[in-house]
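Secondary and tertiary structure notes
Residue-level listing of the chains:
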Amino acid sequence: MNSHLNDILNKSSLTKADIVYLLKLNNPSDLDLLFQQAVNIRNEYCGAKVFFRGLIEISNICRKNCLYCGIRIENKAIVRYDISEKEIIDTAFSAWDNGLASIVLQSGERTDKVFIHKIIRCLQAISDYTQHKMRITLSLGEQKKETYKLWKEAGADAYLLRIETSDSDLFRKIHPDNRLHRFEDRLRALEHLKEIGFQVGTGVMIGLPFQSIESLADDLIFIQNLDADMAGMGPYLEHQETPLFLWRNHLTDVNERLLLTLKMYAILRILMKDINIASTTATDAISSSGRLKGILAGANVIMPDITPEKYLGKYTIYPNKPVSKLTLRKVLEKAETMVKTSGCEPVLADRGDPVHYLLKSL
Ligand code: SAH
Ligand code: SF4
């Protein structure tokens, strides 16, 4: 029996030292205790449920050059695609017709007028078709406050913008030093999203080169201080066609990165009991049961990929991204079976807005 661990798990608030201690746990029985506590908290505050978001990766065209990402503008070794307005809308309609009440539109970052207005028209069409009942999340990078406003007015409910790391020095190491990649701008964008009234999600990559356990503890405190409604965190996976690949010898083994990710989910659940935490697809790139493990560590959201088949596998932000050439119905059925093995109820037809956000807006 680890009495120090028990003391920490019984505290009403955690210090940075407590978080660091939890992140360093390695003994299987200690880890079981941590994950069980996270699951109990999730079940009490959010229900023993896992909400589904159909993820549509609408384009891998990006104006940015993040040093870790496989779709950065300078990677010439990939085929770029841009899904048409009609295909995006049709995919969303078919998700709705298959009983899914929540989707995410994700892409590389573009800020041109053509892109902004295409998104507006998609949002309006999907909102109209579903009588504003489908929950639409956007993950389209940093934009002007005005753009975020236009998208919110057109029907978007939630926005995911990872801070990537809350450590400004590390942020500078993993991004080019130019005006498109400023830590302060990313922070400002998150503030704008909150001011506009979005359900705001953020998160970090876990296991980056030069990233310490203390820095990850700060990341969790950052998410808490931001008062985020949702979190999307995943292991960093080195991509051969990116500059950060040079530092691959500084990385821990992928299984250690996965375990660290699971600890991050569990600790965040203990810190922020009623937010939505995604068990991200990158965990599945390490282990075929990665997302299941995430749910067993306190996560309550999964994002099955529902990108139209002809574009599947082209959104290669990291290597070995799992793709499934199954029909939409089959993708959902498979994910439902996986969720059931965790003891949670798979929820497709409910928007699954974060309890944290709903309570704030009362
Ligand atoms: N372009 C938008 C949204 C899509 S990218 C943006 O950057 O906000 C979605 C996420 O993919 C990024 O936030 C980043 O955390 C993650 N990502 C990119 N490259 C990755 C890599 N090599 N390993 C793991 N995650 C990566
Ligand atoms: Fe573009 Fe996002 Fe990748 Fe950066 S992380 S290069 S903004 S897609």
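Residues numbered from 1 in each chain as written. Chains lettered and ligands numbered in written order. Predicted model: local features only at pLDDT ≥ 70, side-chain atom pairs only at ≥ 80, totals over all residues. Heavy atoms only, no water.

Surveying the vicinity of ligand 2 reveals the residues Cys 62, Lys 64, Cys 66, Tyr 68, Cys 69, Ile 71, Arg 72 and Gly 108. Each residue belonging to the shell around ligand 2 can be placed in one class, and the counts come to 5 nonpolar, 1 polar and 2 charged. (Near = heavy atom within 4 Å. Nonpolar A, V, L, I, M, F, W, Y, C, P; charged D, E, K, R; others polar.)

This part takes up unusual backbone geometry. Residues other than glycine seldom take positive phi values, yet His 132 does so here, at roughly 60°. Residue His 132 is classed as exposed on the basis of its relative accessible area of 56%. Its identity as a non-glycine residue notwithstanding, Glu 164 has a phi of 75°, on the positive side. If you trace the backbone, Glu 164 turns up in the loop between β5 (158-160) and α7 (168-173). (Buried < 20%, exposed > 50% of the residue type's maximum accessible area, 1.4 Å probe, protein only. Helix = DSSP H or I, 4+ residues; strand = E, 2+ residues; numbered from the N terminus.)

With that settled, consider the site of ligand 1. Around ligand 1 lies a shell of 19 residues, among which Tyr 68, Arg 162, Glu 164, Arg 186 and Leu 237 are the nearest. One of the backbone N or O atoms of Ser 107 is found 3.1 Å from a nitrogen atom in ligand 1. A distance of 3.0 Å is found between an oxygen atom of ligand 1 and a side-chain nitrogen or oxygen belonging to Arg 186. For ligand 1, whose accessible area on its own is 540 Å², the fraction buried by protein is 92%. The residue inventory of the shell around ligand 1, partitioned by class, reads 10 nonpolar, 5 polar and 4 charged. (Polar contact = N/O pair within 3.5 Å; in protein donor to acceptor, adjacent residues only side chain to side chain. Areas by Shrake-Rupley, 256 points an atom, 1.4 Å probe, with all protein chains shown as cover.)

Relative to each other, helix α6 (residues 145-153) and helix α8 (residues 183-196) sit at 35°, their axes nearing to 10 Å. Here the hand of the crossing between α6 and α8 comes out right-handed. Residue-level inspection shows Lys 145, Tyr 148, Lys 149 and Lys 152 of α6 in contact with α8, the latter providing Ala 189, His 192, Leu 193, Glu 195 and Ile 196. Residues belonging to the contact of α6 with α8 are distributed by class as follows: 4 nonpolar, 1 polar and 4 charged. (Axes fitted to C-alpha atoms, helices over the stretch in contact; angles between N-to-C directions. Left-handed = near helix turned anticlockwise from the far one by under 90°. Contact = heavy atoms within 4.5 Å.)

By size, the foremost hydrophobic cluster in this structure holds 109 residues, and its most contacted members are Ile 103, Leu 138 and Trp 151. Here this core gets 10 residues from one element, more than from any other, and that element is helix α10 (residues 254-271). Once residues lying within four places of it in the same chain are set aside, the contact partners of Ile 103 are Gly 54, Ile 56, Ala 92, Ala 95, Ile 126, Met 134, Arg 135, Ile 136, Thr 137 and Ile 306. In this structure, Leu 55, Leu 160, Met 230 and Met 303 belong to the second largest nonpolar core, which totals 10 residues. (Core = buried A, V, L, I, M, F, W, Y, C linked by side-chain atoms within 4.5 Å.)

With that settled, the discussion passes to the environment of Glu 142. With respect to the helices and strands, Glu 142 occurs in the loop between β4 (135-139) and α6. In this structure, the C-alpha to C-alpha distance between Glu 142 and Arg 248, residues 106 residues apart in sequence, is 28 Å. Among residues more than four places away in sequence, those in contact with Glu 142 are Arg 63, Lys 64, Glu 109, Thr 111, Tyr 148, Leu 161, Asp 185, Arg 186 and Ala 189. For Glu 142, the side chain forms a polar contact with the side chain of Lys 64, separated by 2.8 Å. Only 2.8 Å separates the side chain of Glu 142 from the side chain of Arg 186, close enough to count as a polar contact.

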